[in-house]
Amino acid sequence: MEYLLELLIFRYGYIGLTFALALGIVGVPVPDEVLLTYSGYLAGNGTLHPLLVVLCAFLGSALGITLSYLIGIRFGLPFLLKYGPKIHISAAKIERAQGWMNKYGNLLLILGFFVPGLRHITAYMAGMSRLKFSTFILYAYTGALSWSVLFIYIGFLLGDRWLHVKYYVHHYGLAFLLCGGITIFAVLSFRMLLAMRKVKA
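Residues numbered from 1 in each chain as written. Predicted model: local features only at pLDDT ≥ 70, side-chain atom pairs only at ≥ 80, totals over all residues. Heavy atoms only, no water.

## Details of the packing of helix H3 (residues 50-83) against helix H4 (residues 91-104)
1) Next: One can describe the packing of H3 onto H4 by two numbers: an axis separation of 9 Å at closest approach and a directional angle of 145°. Along its contact with H3, which presents Leu77, Leu80 and Leu81, the element H4 presents Ala91, Ile94 and Gln98.
2) Next: For the contact of H3 with H4, a count of residues per class yields five nonpolar, one polar and no charged. (Axes fitted to C-alpha atoms, helices over the stretch in contact; angles between N-to-C directions. Helix = DSSP H or I, 4+ residues; strand = E, 2+ residues; numbered from the N terminus. Contact = heavy atoms within 4.5 Å. Nonpolar A, V, L, I, M, F, W, Y, C, P; charged D, E, K, R; others polar.)

Below, the structure is given as structure tokens:
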């Protein structure tokens, strides 16, 4: 896996990172968290620029989840049930995502990024339910940014141990979800503070 990621990054650079993440969000089997963490590692050792890594990761995530949303609007549930299994989106995952969407609503567009397998489905669900595009962008893009920053930062901190993230994601998924929730809260709080300052000005 390390060799494939090196080939992707060193051959295609930031563009490769962007499109790989976009395809991963749509459902193509790309090791998203590992790719983000490896990019964070390369940013930490000076191979890549940290800000450009974050920007490209966010753009790729946002592009992928928007494409999934548009597919959900255009083709609906029958399309997902027919072609989903070909990209590892089973009927059981779809049913589970529908239940979570009914329970947690739009918030799932944020939190779903931090649950492997779920982030590939939530945008389809949002499109099928005809969620307003501006509302979709607010929640989905917040999730995309928070998820990208978190795993890039983890790779930055882990250094040469960046590959361990695959183990941690599968064994400590709840902890990552909690970290994601804290990150999201911080981002939303920062936005609120900026808005309040503008109003006072």
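## Digging into the packing of aromatic side chains
1) Next: Taken as a whole and judged by the stated rule, the model has seven aromatic pairs.
2) Next: An aromatic cluster of three or more residues is present, and its members are Tyr69, Phe133 and Phe136.
3) Next: The ring of Phe75 is capped by Arg74, whose NZ or CZ atom sits 5.1 Å from the centre of that ring. (Phe/Tyr/Trp six-rings, centres within 6.5 Å; stacked < 30°, edge-to-face > 60°. Lys NZ or Arg CZ within 6 Å of the ring centre and 35° of its normal.)

## Considering the environment of Thr142
1) Next: With respect to the helices and strands, the residue Thr142 is situated in helix H7 (residues 133-158).
2) Next: Distance from Thr142 to Phe113, taken between C-alpha atoms, is 10.0 Å for residues 29 residues apart in sequence.
3) Next: In terms of polar contacts, Thr142 uses its side chain to reach the backbone carbonyl oxygen of Leu138, at 2.6 Å. (Polar contact = N/O pair within 3.5 Å; in protein donor to acceptor, adjacent residues only side chain to side chain.)

## A word on the nonpolar core
1) Next: Phe136 and Trp147 are the most contacted members of the largest nonpolar core, which has 34 residues in total.
2) Next: For this core, the secondary-structure elements that each account for two or more residues are helix H1 (2-26), helix H2 (32-44), H3, helix H6 (119-128) and H7.
3) Next: A per-element tally of this core places H7 first, with nine residues.
4) Next: Not counting the four nearest positions on each side in its chain, Phe136 is found in contact with Ile65, Thr66, Tyr69, Leu109, Ala123, Ala126, Leu131 and Tyr141. (Core = buried A, V, L, I, M, F, W, Y, C linked by side-chain atoms within 4.5 Å. Buried < 20%, exposed > 50% of the residue type's maximum accessible area, 1.4 Å probe, protein only.)

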